[in-house]
Amino acid sequence: MSVTYLAIGWNRNKIFYDCVIAAAALLYVSLFIRFVPRAGDGPMIDEPIIRMRAYGSCAFLMLSAILCIGPLARLDARWLPLLYNRRHFGVLTCGVALLHAYHVLGWYFAYSPTDPFVALLSSNQSFARVAGFPFEWLGLFALAMLLVLAATSHDFWLSFLTPPLWKAIHMGVYAAYVAVIGHIALGSMLAARNGALAMIATLSVCAVVPLHLLAARKSLSGGLFRATAQRQGWIAIGDPQSFIEDRGTVIEIPGGERAAVFRHTGKLSAMANACAHQNGPLGEGRVYNGCVTCPWHGFEYRLEDGCAPAPFTEKLATYALRLENGVVWLDTAARPPGTRIEPLELPGDAA
Amino acid sequence: MNEPSFFVGYAASLPADTKSFLLKVAAGWVFLMGALALTLSVATDDPGDGHFAGDAVLTGLVTNAPYPVLFLPPDAGHPLGHAVLLAGDGKTGAQSQSLSLEGKRAKASGYMLKRGELDMLVLGAVSAEPAAEPSASFNPAPLGRWRVTGEICDGKCYTGGMRPGTGLAHKACANLCIAGGAPPVFVSAAPVEGSIFLLMAGPDGGPAPQGIADLAGLPVQVEGDIERRGDLLVLKADWARAKEE
Ligand code: FES
């Protein structure tokens, strides 16, 4: 785990990224509000309703984009910088969703003797219906989820909650997405006389779902090396020449684990493939300044012992390698995280 | 193999190929958001012609069953007299002000909401007004038994309190208005005796039961007795037997 938590580090790229997502959201909301058809001297529908629709649909589109970034980054590394800054996108989306909720509460649930929050939760009890279902609950669930994700987005929480738990909580973004689809389908699409929102929601699903399937297929098959032979807990992982300098190769170990083998200055080392940060695929990373660098957020690990360089304290399991008759073998028994193993010299091949 | 350069998240500088790619992505995203905003915005459904129609002072006969109504005497435009639904401010009914005036002539002021032939006065003040001449009577004229299909709406949002003031997104708000005492209106899909608005009542002519909340905002079919009071149609039905269409 990292020993220090810095305030979010800013650099020009991140500021540019934040400006782009904020500008897109601002443009969306202002165009939406400006171009609602008018009747007589004013817009055809109430101002607060225009705003709730503008903010609500904006948050939905932003959430859709956020969900696409993960698989896009797996399919094409050029998307990775967007992945790295995705938290800012998420926090902004949560803010836009809050504005949507604010206008809903301040209009549909205001001007009544009943408290707006009580009214929100109690005025529609048709839970047994499809059309007429209190779709507000779905929106509320999604908003609560986004709030939890935004509140725990800082690395402090990642460390405090431990990466597996943090990751599990943050998978809740998919539950939020499904809830939002239900929210707009039951609250708007079902009764709309025009198909614009339905079309946009369909486009969103048609981007999010296939991208995840493609990325999953790549994770399952792409670049994965399966052992060609197995003997007493060791597996043959190929010809030394098949490993590319400063690149990783993901090795599937019988039993489901994965190791990442790297070649650096002509020597091979192996460590667990799952990054200690958020299980990023280390084998898809590279050796950078003498350290394995995770492609997701740039955590680094030393080749010889799987430890993050000081002051960081992350450690990964390491694997022993040996060369036998021109074939590289990997010991499937992982060494405890941080165990030093001398990198395997490849004969006559020092870089 | 010509792979894109490797980017590490915390590095301040981006490789040139990644940078130009991301600039295109950024421009594309801003453009896409703008285009989607326009697509959705111009596709806004017309919510109907409910609207605020200014302040008014009206004098007529107050009745409270099933809901507060002010009956205005016949005039050139309304040979049968004209029924104006009453509501309180916000999501409330007018009962607290109108019950004590039952059957009396009263002068009411407030602001009007109007949708087609349906008028609502949102009460500011109301007081008894001595009758100069005997009030016209608004005895109910039965129109027989009908099966009607339509939507249960709250009369206040429907007449323009909110735009749109109908439909699924508005259901919880309609329930809140009806629970607050605003008159529920059944908006029939096909005109009944020339009108598509029917003031809803229970089978005994009293207020509609709270249970109608479950069906508000949905297409509903119901059977009941319709009667005419002035130019207002009242639908007396057993709402527990109403069905979603
Ligand atoms: S998963 Fe975040 S750096 Fe590896």
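Residues numbered from 1 in each chain as written. Chains lettered and ligands numbered in written order. Predicted model: local features only at pLDDT ≥ 70, side-chain atom pairs only at ≥ 80, totals over all residues. Heavy atoms only, no water.

Okay, the overall build of chain A next. Counting its secondary structure elements, chain A contains 10 helices and 15 strands. Taking the principal axes of the C-alpha coordinates as reference, chain A spans close to 85 × 40 × 35 Å. Restricting the contact set of chain A to residue pairs at least 6 apart, pairs at least 24 apart contribute 56%. Of the accessible surface of chain A, which amounts to about 16100 Å², a share of 66% is contributed by carbon and sulfur atoms. Computed over 27 positive and 23 negative side-chain charges, the inter-centroid distance for chain A is 5 Å. (Helix = DSSP H or I, 4+ residues; strand = E, 2+ residues; numbered from the N terminus. Contact = heavy atoms within 4.5 Å. Areas by Shrake-Rupley, 256 points an atom, 1.4 Å probe, with all protein chains shown as cover. Lys, Arg positive; Asp, Glu negative; His and termini not counted. Charge placed at Lys NZ, Arg CZ, Asp CG, Glu CD.)

Sheet strands pair by backbone hydrogen bonding; their relative direction is either parallel or antiparallel. All names here are of chain A. Spatial ordering of the open sheet is given by S4-S5-S14-S13, a layout of 4 strands whose pairing is antiparallel. Strands with a single pairing partner mark the edges of an open sheet, and in this sheet they are strand S4 (229-231) and strand S13 (321-324). Ignoring which end each strand starts from, the neighbouring axes of this sheet average 35 degrees apart. Examined bridge by bridge, S13 and strand S14 (residues 327-331) share 4 bridges and lie antiparallel to one another. Across the sheet, the residue bridging to Glu324 is Val327, located in S14. (Pairing = 2+ DSSP bridges. Axes fitted to C-alpha atoms, helices over the stretch in contact; angles between N-to-C directions.)

All names here are of chain A. The strand order across the open sheet formed by 3 strands is S9-S10-S11, and the pairing between neighbours is antiparallel. For this open sheet the edge positions go to strand S9 (286-288) and strand S11 (300-302), each flanked by a neighbour on one side alone. Here the strands of the sheet are splayed against their neighbours by 40 degrees on average, with no regard to which way each runs. Inspection of the sheet shows S9 paired to strand S10 (residues 291-293) by 3 bridges, in the antiparallel sense.

With that settled, the discussion passes to the side chain of B:Asp154. Residue and element names in this part refer to chain B. Relative to the elements of secondary structure, Asp154 occurs in strand S6 (residues 141-154). One buried charged side chain, Asp154, makes no salt bridge at all; its nearest oppositely charged neighbour is Lys91, positioned 7.2 Å away. Within polar-contact distance, the side chain of Asp154 engages the backbone nitrogen of Cys157 at 2.8 Å. Setting aside residues no more than four positions away along its own chain, Asp154 makes contact with Gly165, His170, Ala174, Cys177, Ile178, Pro183 and Pro184. (Buried < 20%, exposed > 50% of the residue type's maximum accessible area, 1.4 Å probe, protein only. Salt bridge = Lys/Arg side-chain N within 4 Å of Asp/Glu carboxyl O. Polar contact = N/O pair within 3.5 Å; in protein donor to acceptor, adjacent residues only side chain to side chain.)

Across soluble globular proteins, nonpolar side chains show a tendency to be buried alongside one another. By size, the foremost hydrophobic cluster in this structure holds 93 residues, and its most contacted members are A:Tyr28, A:Phe89, A:Tyr108, A:Phe109 and A:Leu282. At 18 residues, the largest contribution of residues to this core is made by helix H2 (residues 47-75) of chain A. Apart from the residues lying within four places of it in its own chain, the contact partners of A:Phe109 are A:Val104, A:Thr114, A:Pro116, A:Ala119, A:Leu120, A:Ser123, A:Glu136, B:Ala172 and B:Leu176. In this structure, B:Leu113, B:Cys153, B:Ile178 and B:Leu198 belong to the second largest nonpolar core, which totals 43 residues. (Core = buried A, V, L, I, M, F, W, Y, C linked by side-chain atoms within 4.5 Å.)

As a further point, take the pattern of salt bridges. Under the definition given, this model contains 18 salt bridges over all chains. For A:Asp305, the salt bridge identified is with A:Arg302, shortest N-O distance 2.9 Å. Accessibility expressed as a relative area gives 30% for A:Arg302, which makes it partly exposed. One salt bridge in this structure joins B:Glu223 and B:Arg147, with 3.2 Å as the shortest N-O distance. Residue B:Glu223 is located in strand S9 (residues 219-229), and its partner B:Arg147 is located in strand S6; the two are separated by 76 residues in the primary sequence. One connected set of salt bridges, linked through shared partners, spans B:Arg145, B:Arg147, B:Glu223 and B:Asp225.

Further remarks concern a nonpolar patch on the surface. Residues and elements named next belong to chain A. Taken together, Leu121, Phe127, Trp137 and Leu140 make up a surface patch of nonpolar side chains, about 320 Å² in accessible area. Looking at the element boundaries, Trp137 is found in helix H6 (residues 136-151). Relative accessible area serves as the criterion here: at 35%, Trp137 is assigned to the partly exposed category. (Patch = residues over 30% accessible without salt bridge, like charges linked within 9 Å, V, L, I, M, F, W, Y side chains within 5 Å.)

So, about the side chain of A:Ser112. Mapped onto the elements of the fold, A:Ser112 is located in the loop between helix H4 (86-105) and helix H5 (116-122). Within the structure, the side chain of A:Ser112 is placed 2.9 Å from the backbone nitrogen of A:Thr114, a separation counted as a polar contact. Among residues more than four places away in sequence, those in contact with A:Ser112 are B:Lys91 and B:Leu176.

Below, the discussion takes up the confidence of the model for chain A. Of the residues in chain A, 93% have a pLDDT of 70 or more, and the chain-wide mean is 88. pLDDT under 50 marks residues 1-9 of chain A. Its contacts with residues more than four places away, or in other chains, come to 18 contacts. (pLDDT = per-residue confidence, 0-100.)

This next bit is on the pairing of strand S1 (residues 51-63) of chain B. All names here are of chain B. Strand direction decides the pairing type here: S1 and strand S4 (residues 105-115), joined by 9 bridges, are antiparallel. Residue Asp55 lies in a different strand from S4, and its bridge partner there is Tyr111. By the bridge criterion, 3 bridges tie S1 to strand S2 (residues 69-72) in an arrangement that is antiparallel. For Val62, the partnering residue across the bridge sits in S2 and is Leu70. In this antiparallel pair of consecutive strands, S1 and S2, the connection spans 5 residues.

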